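Remarks on the overall topology
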Amino acid sequence: MVEVKKSVCNWCKGECGVLVHVNNGRLVKATNDPDFPEQTWPRSTACLRLKAAREFFYHLDRVNFPLKRAGEKGEGKWRAISWEQALDEIAEGMKKVIRQYGPEALSFTLGTAYKQENPLMTRLFTLLNNPLNFASATNVCFWPRSMVANAIVGMFPHFSVRPSTKCIVSLGAEPLVSRPTTAEQMRQAIKNGAKHIVIDPRRTYSASKADVWLQLRPGTDAAVLMGMVNVIIEEGLYDREFVERWCHGFEELKQRAREYPPEKAAAISDVPAETIQEAARVYAANRPGAMIEGMGIEELTSNAEVLHARWILAALVGNLDVEGGEELTGPHPTMLTMKELEPRVDFKPEVLAKQIGADRFKFLAIHGQRMISSNMGRVWPRLPWQGIIAHGPSMWRAVLTGNPYPVRATITIGNNPLVTLPNTKLVYKALKSLDLFVVIDYWRTPSAELADYILPSACWLERPMLWDFQGYDRWIKAGEAAVPSSVPGLYEHKNEYEIWRELAIRFGYGDYYPWKTLEELFDARLKPIGYTHRNYVDKVRCEWKGGHYKKYEKTGFATPTGKAELYSTIMDKLDYDPLPHYQESAETKVSQPELAKEYPYVLITGGRIRQYYHSDFRQIDSVRKVHPDPLVQINPQTAAKLGIADGDWVWIETKRGRVRQKAELFDGLKPDVVHAEHGWWYPELPGEEPWLHGVWESNINVCLDDDPEVCNSLTGAYPLKTALCRIYRAKSYARP
Ligand SMILES: Nc1nc2c(c(=O)[nH]1)N[C@H]1C(S)=C(S)[C@@H](COP(=O)(O)OP(=O)(O)OC[C@H]3O[C@@H](n4cnc5c(=O)[nH]c(N)nc54)[C@H](O)[C@@H]3O)O[C@H]1N2
Ligand SMILES: Nc1nc2c(c(=O)[nH]1)N[C@H]1C(S)=C(S)[C@@H](COP(=O)(O)OP(=O)(O)OC[C@H]3O[C@@H](n4cnc5c(=O)[nH]c(N)nc54)[C@H](O)[C@@H]3O)O[C@H]1N2
Ligand code: SF4
Ligand SMILES: [Mo]
C-alpha cells in the first residue's frame, strides 16, 4: 500500500515541502507538496534532484554500512563492519589521540548541508576540553555575514525580501539559481514593481533583467558600496530622523565616505561613476529595500568590510526592521533553539583561547563572539546559535606542522574538503597525514577515500526534520522520517545526532544526550509551544514567525550602543578599523602587476549550478546527463584571441596549479574575467590513488589560495572569487 508522508527536502537551500510516496517502507517517489505555505521559484515540481530521489536513495554507490579501511590510506580497499565496532574503534582512536597529544588535537569539519544539530556536536568537544577546533565552509559562508549583521544591527535577517519590498539589491548573489525561496519572494516583489539592482561581474539572468547592473571588477565591492554611501550622504538622500535617533557614528562615517567619491570608486571598480550614483539614488528612493548578499562578496578577502558597508547602507535609508525591508526576525519567541538544548557546560576561557586562529581572526573567534552575543542576549528572548569556529586554513597547517600544537584527528560531517576547500594540494597532505580521519557521508567522495572510517549518513528522507536555520530563518518547517533509515541486510544509515550521542556514551557523557532519538530531541524543542514533533508535522508543518517590526523602538538595537553601528564599537575594541575601507585583494593586476603579466585573467569561481549542490549529485545519471561536464565561461573575444572554441577543453592555470574544464563562450563577462565552476569530481573514475575519483582533473580549488596571509583579518575568509590565471586550449582530452 502506498502511503504519502510529509517531509522537507534539504538537498539545496529550497527546503521545499515535499510529499514522499512510500510502499511498504520502500521509497517510490518524492514530489512537490502544493499545499506547503512557502513555495520556491522555480517550483520544486521542476527540480531534477527531487525527481531523482529514488535513484539517489538506492544508488549502488551509496555507502550503506560503516566502512573500515582495509589497506593503506587511499588504496581504495574497504571492509564493511558493524556500527558497534565502528563507533567503539573511533572512540578508542579519539582517546588515543587525546592521551598522546591532548584534547586540542581533535578537530572536526562541517559542510553546508548539515548545520541544524551542530550545537550537540560541539557539546562533546566542549566536554572533552577541545577548544572547538572546528573548521568548515562556514569560514566563507554564513558565519561572516551573520556575525557582521549581528555586530552592526544586532540580528541577521537571513534574506528578507518580501512581496512588499520596493528595492532588491543582489550583491554577489544569484538567488534565481541559489536560493529558490528568496527567488519566489523576489519574483513577487518585482511583479509588484520593485526595482532590482545587481552588483556582479557576471551578467547573471538577474543582471540581464535588472534596473541597474554594476559590472564591477571582482573584489572591489567595498569601493562601490562606499561610493554609494558617499552619494547618499552628500546628496542628503538618507533618512535624517532614523540616522539621528538610531545610528551610531554618523559624523565619523561622513568623514570616511568623503574618501570615496563616485569617481574614485569608479576608478577602483571599473563601474562608471554615473552608474554608482544611479544605484545609490534608486536604492535611497525606493524604500523599503532589502539586500541579498551572496558568495560574490562573502568569498572575498575583504568580506567583513563589504558586509559592514552593506549594513551601513541599509541603516542610512531606514530599511532596518520594517516590513519589506531588512526584517530582523530572530528565533521563535517560545520554541527552544538548539542552542538552549545544549546542556549547560561552560566553555572554559583558557581552553577556548587555544582555538586555532583565535589569536589572529578575533572577530569570528571567541573574542568577537562574546562581545556580540552579550549584546544580543540583552534584547532577544532567545538567541540563534553562534558557532565559535576555528580558522580552517590555519587548522590544516597545524595538522601538517604541529604548530601551534599538533592536530591529529578529524571527523568530517557532510563536507567534502578535498573538493570544496581551496588549496587542494595542502588539504590533501593534511588529510592524508592524520592519525584518525572519519567521514560521515552518503558517498565515497574523494575526501572519504582518504579516511580510516566512513559512516553512512541518513538523508532527509529517512530522518525527522525541524528546520529553522539555527534560529535565523523566518520559517519553521517540519517533516517526518518517510522511510526507515535501517533495513537489516540492505542498508544501515544513522543520522548525525545518533552518531554523536553514541560517541558521547563511549566517553561516559551519555547524560548530556538525554534524548534517545532525534525525534525526542525535537519533541523537547517543541514542548514550550505545546506540540510533539509528530503533532507539529500533522497540524502545523510550516510556520511563519515574522511580522513584528521596529522592535528597536522598545528595546534598542542589540548592539553595544543600542543603535545601528555605522561606526562599529566592537570592531574598534578588537583593534580593527571601525569603519569600512577599500583594500585591494592580494592577487590582482593592481596588487601584483608582475604576476599579472604571466597570469593576465581574473578568475572567479563557483557561481551556482542549478542541477548540482556543490560537489553533490555527480553520480546521479539523470542529473548528470543534463550537465555532464564542468564549464568555464570565457568572453568570446578572449576565446578568439586564444584560439579557443565553444566546447573545447581548456586548462585554467594559476601559480598554484592547473585543471581542465570545458569552454563556454559567454559575453556576459568582461574580456579579462573568467568564471570556472566548482565542486567537480568524477565518481565514475577509480577511488584509489592517484585518481581519487578525478579530484585533480577539474576541481578549481586546486588553483585557489588559502594562505592565512591572504585571508580577511577579521573573519579569516579566503578568496574564492579573485585570483590571477591564464587559460589555454588542452590539446587532447584523455583521461588517466
Ligand atoms: N572554488 C569555490 N569553492 C567553494 C565555493 C565557491 O563558490 N567556489 N563555495 C563554498 C561554499 S559557500 C560552501 S558552503 C562549500 C560547500 O562545501 P561542502 O559542504 O563540502 O559541499 P557539498 O558538496 O554540498 O557537501 C559535502 C558532502 O556532504 C554530503 N552530505 C550532504 N548532506 C548530508 C547530510 O545531511 N549528512 C551528511 N553526513 N552528509 C551530507 C554530500 O554527500 C557531500 O559529499 O563550498 C565552498 N567551496
Ligand atoms: N543549485 C545550487 N544552489 C545552491 C548551492 C549549490 O551548490 N547549488 N549552494 C548553496 C550555498 S552553500 C550557497 S553559500 C549559496 C550561494 O549562492 P550565491 O550567494 O548566489 O553565490 P554564487 O553563486 O557563488 O555567486 C554569486 C555571484 O557572485 C558573483 N561574483 C563573483 N565575484 C564577485 C565579486 O567580486 N563581487 C560581486 N559583487 N560578485 C561577484 C558571481 O559572478 C556570481 O554570479 O548557494 C546555495 N544554493
Ligand atoms: S533539491 Fe532544493 S529545490 Fe529541489 S526539492 Fe530539494 S530543496 Fe527543493
Ligand atoms: Mo555556502
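Definitions and cut-offs
- Residues numbered from 1 in each chain as written.
- Chains lettered and ligands numbered in written order.
- Predicted model: local features only at pLDDT ≥ 70, side-chain atom pairs only at ≥ 80, totals over all residues.
- Heavy atoms only, no water.
- Helix = DSSP H or I, 4+ residues; strand = E, 2+ residues; numbered from the N terminus.
- Contact = heavy atoms within 4.5 Å.
- 1 Å grid on protein atoms, 1.4 Å probe; cavity = no way out; pocket = protein on both sides within 12 Å on 5 of 7 lines; lining within 4 Å.
- Points joined across faces, edges and corners; volume = space filled by probe spheres on them.
- Near = heavy atom within 4 Å.
- Polar contact = N/O pair within 3.5 Å; in protein donor to acceptor, adjacent residues only side chain to side chain.
- Areas by Shrake-Rupley, 256 points an atom, 1.4 Å probe, with all protein chains shown as cover.
- Nonpolar A, V, L, I, M, F, W, Y, C, P; charged D, E, K, R; others polar.
- Domains from an automatic or database assignment.
- Buried < 20%, exposed > 50% of the residue type's maximum accessible area, 1.4 Å probe, protein only.
- Phe/Tyr/Trp six-rings, centres within 6.5 Å; stacked < 30°, edge-to-face > 60°.
- Pairing = 2+ DSSP bridges.
- Axes fitted to C-alpha atoms, helices over the stretch in contact; angles between N-to-C directions.
- Buried area = accessible area lost by both parts, 1.4 Å probe.
- Left-handed = near helix turned anticlockwise from the far one by under 90°.
- Core = buried A, V, L, I, M, F, W, Y, C linked by side-chain atoms within 4.5 Å.
- Expected span 1.5 Å × (residues − 1).

**Brief notes about the side chain of E327**
- The residue E327 is located in the loop between α15 (303-316) and α16 (338-341) in this model.
- The contacts of E327, once residues within four sequence positions are left out, are P157, S160, R162, D321, V322, R474, W544 and Y549.

**A word on empty space enclosed by the protein**
- A full pass over the atoms with the stated rule returns 5 cavities of 30 Å³ or more.
- Together, 16 residues line the second largest cavity, and H158, F159, T181, T182 and D473 are the ones closest to its centre.
- Taken together, the elements giving at least two residues each to the lining of the second largest cavity come down to α7 (180-191) and β17 (475-479).
- No other element matches the 3 residues that α7 contributes to the lining of the second largest cavity.

**Some details on the site of ligand 1**
- Near ligand 1 lie 32 residues; those nearest to it are N415, T420, D441, E496 and S615.
- In this structure, an oxygen atom belonging to ligand 1 sits 2.8 Å away from a main-chain N or O atom of T112.
- Taken by itself ligand 1 offers 910 Å² of open surface, and the protein chains cover 98% of this.
- Of the residues in the shell around ligand 1, the class split is 12 nonpolar, 14 polar and 6 charged.
- For the shell around ligand 1, the two domains that each supply at least three residues are domain 2 (67-143 + 339-457 + 494-508) and domain 4 (593-729).

**Here we look at the site of ligand 2**
- Around ligand 2, 33 residues are found, and the nearest of them are S178, D200, D221, Y612 and H614.
- In this structure, an oxygen atom belonging to ligand 2 sits 2.9 Å away from a side-chain N or O atom of R202.
- At a separation of 3.4 Å, a nitrogen atom of ligand 2 approaches a polar backbone atom of G296.
- For ligand 2, whose free accessible area comes to 920 Å², the fraction covered by protein is 99%.
- Mapped by element, the contributors of at least two residues to the shell around ligand 2 are α6 (175-178) and α14 (295-298).
- A class-by-class count of the residues in the shell around ligand 2 yields 13 nonpolar, 10 polar and 10 charged.
- Shared between two domains, the shell around ligand 2 holds at least three residues of each, these being domain 3 (158-327) and domain 4 (593-729).

**Observations concerning helix α22 (residues 496-506)**
- With respect to burial, α22 is a largely interior element, 8 of its 11 residues being buried.
- Every buried residue belonging to α22 is among E496, Y497, I499, W500, R501, L503, A504 and R506, and all of these are buried.
- For α22, the side-chain oxygen to backbone nitrogen distance between the N-cap and Y497 is 3.0 Å, and the N-cap itself is N495.
- Among the residues trailing α22, G508 stands out with phi positive, at a value near 80 degrees.

**Examining the packing of aromatic side chains**
- The tally for this structure, following the rule as stated, stands at 32 aromatic pairs.
- Consider the rings of F56 and F617, whose centres lie 5.4 Å apart with planes at 40 degrees: the pair is tilted. Of this pair, F56 sits in helix α2 (residues 53-57) while F617 sits in the loop between β22 (601-605) and α28 (621-624); the two residues are 561 residues apart in sequence, bridging distant segments of the chain. Of the two residues, F56 and F617, neither departs from the other in class, the shared state being buried.
- Aromatic pair Y238 and F250: ring centres 4.9 Å apart, planes at 45 degrees, arrangement tilted.

**Here we look at the sheet that holds strand β2 (residues 17-23)**
- The strand order across the open sheet formed by 3 strands is β1-β2-β3, and the pairing between neighbours is antiparallel. With partners counted over all chains shown, the strands left at the sheet margins are β1 (2-8) and β3 (26-32), one partner each. Averaged over all pairs of adjacent strands, the angle between strand axes in this sheet comes to 30 degrees, irrespective of strand direction.
- Strand direction decides the pairing type here: β1 and β2, joined by 7 bridges, are antiparallel. From the neighbouring strand, E3 faces β2, where its bridge partner is V22.

**Notes on the domain arrangement of the protein**
- When the domains of the protein are assigned, the result is domain 1 (1-58 + 461-485 + 515-540), domain 2 (67-143 + 339-457 + 494-508), domain 3 (158-327) and domain 4 (593-729).
- Look at where the C-alpha atoms of domain 2 and domain 4 centre, and you get two points 28 Å apart.
- The interface of domain 2 with domain 4 comprises 36 residues on the first partner and 35 residues on the second.
- In total, about 3000 Å² of surface goes out of reach between domain 2 and domain 4, with carbon and sulfur atoms giving 61% of it.

**Examining the packing of helix α9 (residues 221-234) against helix α11 (residues 250-258)**
- Two numbers describe how α9 lies on α11: the axes approach to 9 Å, and their chain directions differ by 115 degrees. Regarding α9 and α11, the two cross each other, and that crossing is left-handed. Mapping the contact onto sequence places M226, V229, N230, I233 and E234 in α9 and F250, L253, K254, R256, A257 and R258 in α11.
- Taken together, the residues that form the contact of α9 with α11 break down as 6 nonpolar, 1 polar and 4 charged.

**Regarding unusual backbone geometry**
- W41 connects to P42 through a cis peptide bond whose omega is -5 degrees.
- Note that P42 resides in the loop between β3 and α1 (48-51).
- Residues E689 and P690 are joined by a peptide bond in cis, for which omega reads 5 degrees.
- Looking at the element boundaries, P690 is found in the loop between β26 (673-676) and β27 (724-729).
- You will see that N24, though not glycine, has its phi angle at about 50 degrees, which is positive.
- For N24, the location among the structural elements is in the loop between β2 and β3.

**Topic: the environment of E89**
- Looking at the element boundaries, E89 is found in helix α3 (residues 83-101).
- Among the residues examined, E89 registers a relative accessible area of 23% and is labelled partly exposed.
- Put simply, E89 and K68 are 21 residues apart on the chain and 9.8 Å apart in space, counted from C-alpha to C-alpha.
- Setting aside anything within four residues of it in sequence, one finds E89 in contact with K68 and Y453.

**Topic: the nonpolar core**
- I197, Y283, L316, F363 and L603 are the most contacted members of the largest nonpolar core, which has 196 residues in total.
- Setting aside chain neighbours within four positions, we find F363 in contact with M147, V148, A151, G368, Q369, I372, I570, M571, L574, Y576, L714 and T715.
- Among the nonpolar cores identified, the runner-up in size contains 34 residues, and C16, L27, F57 and V483 belong to it.

**Here's the deal with helix α18 (residues 366-379)**
- Between its terminal C-alpha atoms α18 stretches 20 Å, which fits the 20 Å expected from 14 residues at 1.5 Å a residue.
- Along α18, the residues classified as buried are I366, G368, Q369, I372, N375, M376 and V379.
- The secondary structure elements touched by the buried residues of α18 are α5 (143-153), α17 (349-352), α25 (552-555) and α26 (569-573).

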